[in-house]
Amino acid sequence: MADAPYKLVLLRHGESEWNAKNLFTGWVDVDLTEKGEKEAARGGQLLLDAGVLPDVLHTSLQRRAIRTAQLALDVADLNWLPVRRSWRLNERHYGALQGKDKKQTLEEFGEEQFMLWRRSYDTPPPPLADDDEYSQFADRRYASLPVEIRPRTECLKDVVERMLPYWYDAIVPDLFGGDTVLVAAHGNSLRALVKHLDGVSDADIAGLNIPTGIPLLYELDADLRPVTPGGRYLDPEAAAAAIEAVKNQGRK
Ligand SMILES: O=C(O)[C@H](O)COP(=O)(O)O
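Residues numbered from 1 in each chain as written. Predicted model: local features only at pLDDT ≥ 70, side-chain atom pairs only at ≥ 80, totals over all residues. Heavy atoms only, no water.

Colleague: Could you give an account of the packing of helix 4 (residues 102-109) against helix 5 (residues 111-119), with specific residues and numbers?
Modeller: Closest axis-to-axis distance for the helix 4/helix 5 pair is 6 Å, and the angle between their directions is 130°. The orientation of helix 4 with respect to helix 5, classified from their angle, is oblique. On the side of helix 4, the interface is formed by Lys102, Thr105, Leu106 and Phe109, while helix 5 contributes Glu111, Gln113, Phe114 and Trp117. Within the contact of helix 4 with helix 5, the residues separate by chemical class into four nonpolar, two polar and two charged. (Axes fitted to C-alpha atoms, helices over the stretch in contact; angles between N-to-C directions. Helix = DSSP H or I, 4+ residues; strand = E, 2+ residues; numbered from the N terminus. Parallel < 35°, antiparallel > 145°, perpendicular 65-115°, else oblique. Contact = heavy atoms within 4.5 Å. Nonpolar A, V, L, I, M, F, W, Y, C, P; charged D, E, K, R; others polar.)

Here it is as structure tokens:
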């Protein structure tokens, strides 16, 4: 096997309250469900069982990712890890779809438009008004972000563009320093990172879905290229089933 000096673990948060209700969530700061809490703890057990013990944690600024990491690390007795958080790891801002039911949106706008908004690389949903009940524009945690970069909607391309500076400036230095890095984030911010790591094309990334709560391990070579393309889920069977469920959201 090729030399793999660096280890990176990606963990999507456990099931959230709005995943359970099948609502577009984006930057809305919902909590985990009980099932999500269990998924997170199991994620920690999977890390422990695989002997993959992170040295440092990076999270988004959103509760569901932060709590998932805490619950997972608690199981692995790693509450003490140094942590950095950034809005750049946040879920994709879902614009005017935030708070909308996925099934109703599919029925109202049709399959093509629904998938364009949900999975196309460069078509964002319509922007969310700043005074909308589901807007985070005035949220204190984003106060240090200049208004021109505070999103009102995002496509995946926008997420890649705002995530990559954090990858290069914060995560890569930890990897090069020899740390096993845990990134606890979201379906679409992790799709953006996987796209970058695996060099997935703009078209093919539409077919890639990330399940909740199952650690995805990337062993990286000296140039930070994955030794195994796509990485390795620590519970591949559960991941395969959960990926199907994410793919079919809105259809039931
Ligand atoms: O923000 C959301 O609604 C989900 O966390 C990700 O949703 P998606 O799989 O529909 O992009």
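Colleague: So, the site of the ligand: which residues are in play, and what are the values?
Modeller: Taken together, 13 residues lie around the ligand, and Thr25, Gly26, Tyr94, Arg118 and Arg119 are the ones closest in. Within the side chain of Glu91, a nitrogen or oxygen atom sits 3.1 Å from an oxygen atom of the ligand. Lys102 is positioned such that a nitrogen or oxygen atom in its side chain is 2.9 Å from an oxygen atom of the ligand. In the complex, 99% of the free accessible area of the ligand, which totals 320 Å², lies under the protein chains. With respect to the pocket detection grid, the ligand is positioned in the largest cavity. Looking at the shell around the ligand, its residues break down into three nonpolar, five polar and five charged. (Near = heavy atom within 4 Å. Polar contact = N/O pair within 3.5 Å; in protein donor to acceptor, adjacent residues only side chain to side chain. Areas by Shrake-Rupley, 256 points an atom, 1.4 Å probe, with all protein chains shown as cover. 1 Å grid on protein atoms, 1.4 Å probe; cavity = no way out; pocket = protein on both sides within 12 Å on 5 of 7 lines; lining within 4 Å. Sits in = over half its atoms within 2 Å of the grid points.)

Colleague: Give me the lowdown on the sheet that holds strand 5 (residues 216-220), citing residues and values where you can.
Modeller: Strand order in the open sheet formed by six strands is 3-2-4-1-5-6, with mixed pairing between adjacent strands. Among the strands making up the open sheet, the edge pair consists of strand 3 (83-85) and strand 6 (232-233). Bridge analysis of strand 2 (residues 56-59) against strand 4 (residues 181-185) gives four bridges, and the strand direction is parallel. By the bridge assignment for strand 4, Val56 is matched with Val181. (Pairing = 2+ DSSP bridges.)

Colleague: Give a description of the pattern of salt bridges that names residues and reports values.
Modeller: Side chains that carry opposite charge are capable of pairing whenever their charged atoms lie near each other. Counted by the stated rule, this structure contains 17 salt bridges. Each of Asp31, Glu37, Arg63 and Arg67 takes part in one network of salt bridges that share partners. (Salt bridge = Lys/Arg side-chain N within 4 Å of Asp/Glu carboxyl O.)

Colleague: Would you mind going over the packing of aromatic side chains in detail, with residue names and values included?
Modeller: A full pass over the atoms with the stated rule returns seven aromatic pairs. Here the aromatic rings of Trp18 and Tyr134 are separated by 5.2 Å at their centres, their planes lie at 85°, and the arrangement is edge-to-face. Taken together, the residues Trp18 in helix 1 (residues 17-21) and Tyr134 in the loop between helix 5 and helix 6 (156-176) connect sequence positions 116 residues apart. For Trp18, a relative accessible area of 10% gives the class buried. A relative accessible area of 25% means that Tyr134 is categorised as partly exposed. Here the aromatic rings of Trp27 and Tyr142 are separated by 4.5 Å at their centres, their planes lie at 35°, and the arrangement is tilted. Of this pair, Trp27 sits in the loop between helix 1 and helix 2 (34-50) while Tyr142 sits in the loop between helix 5 and helix 6, placing them 115 residues apart in sequence. For Trp27, a relative accessible area of 2% puts it in the buried group. Ring pairs connect the aromatic residues Phe24, Tyr94 and Phe114, which therefore count as one cluster. The ring centre of Tyr94 lies 4.1 Å from the NZ or CZ of Arg92, which sits over that ring. The aromatic ring of Tyr121 is capped on one face by Lys195, whose charged end is 4.5 Å from the ring centroid. (Phe/Tyr/Trp six-rings, centres within 6.5 Å; stacked < 30°, edge-to-face > 60°. Buried < 20%, exposed > 50% of the residue type's maximum accessible area, 1.4 Å probe, protein only. Lys NZ or Arg CZ within 6 Å of the ring centre and 35° of its normal.)

Colleague: With reference to specific residues and values, describe unusual backbone geometry.
Modeller: Note: most peptide bonds trans; most residues except glycine with negative phi. The phi dihedral of Asn22 is positive, around 65°, even though this residue is not glycine. Among the secondary structure elements, Asn22 is positioned in the loop between helix 1 and helix 2. Judged by relative accessible area, which is 15%, Asn22 ranks as buried. At Asp77, a residue that is not glycine, the phi angle is positive and equals roughly 55°. One can find Asp77 in the loop between helix 3 (63-75) and strand 3.

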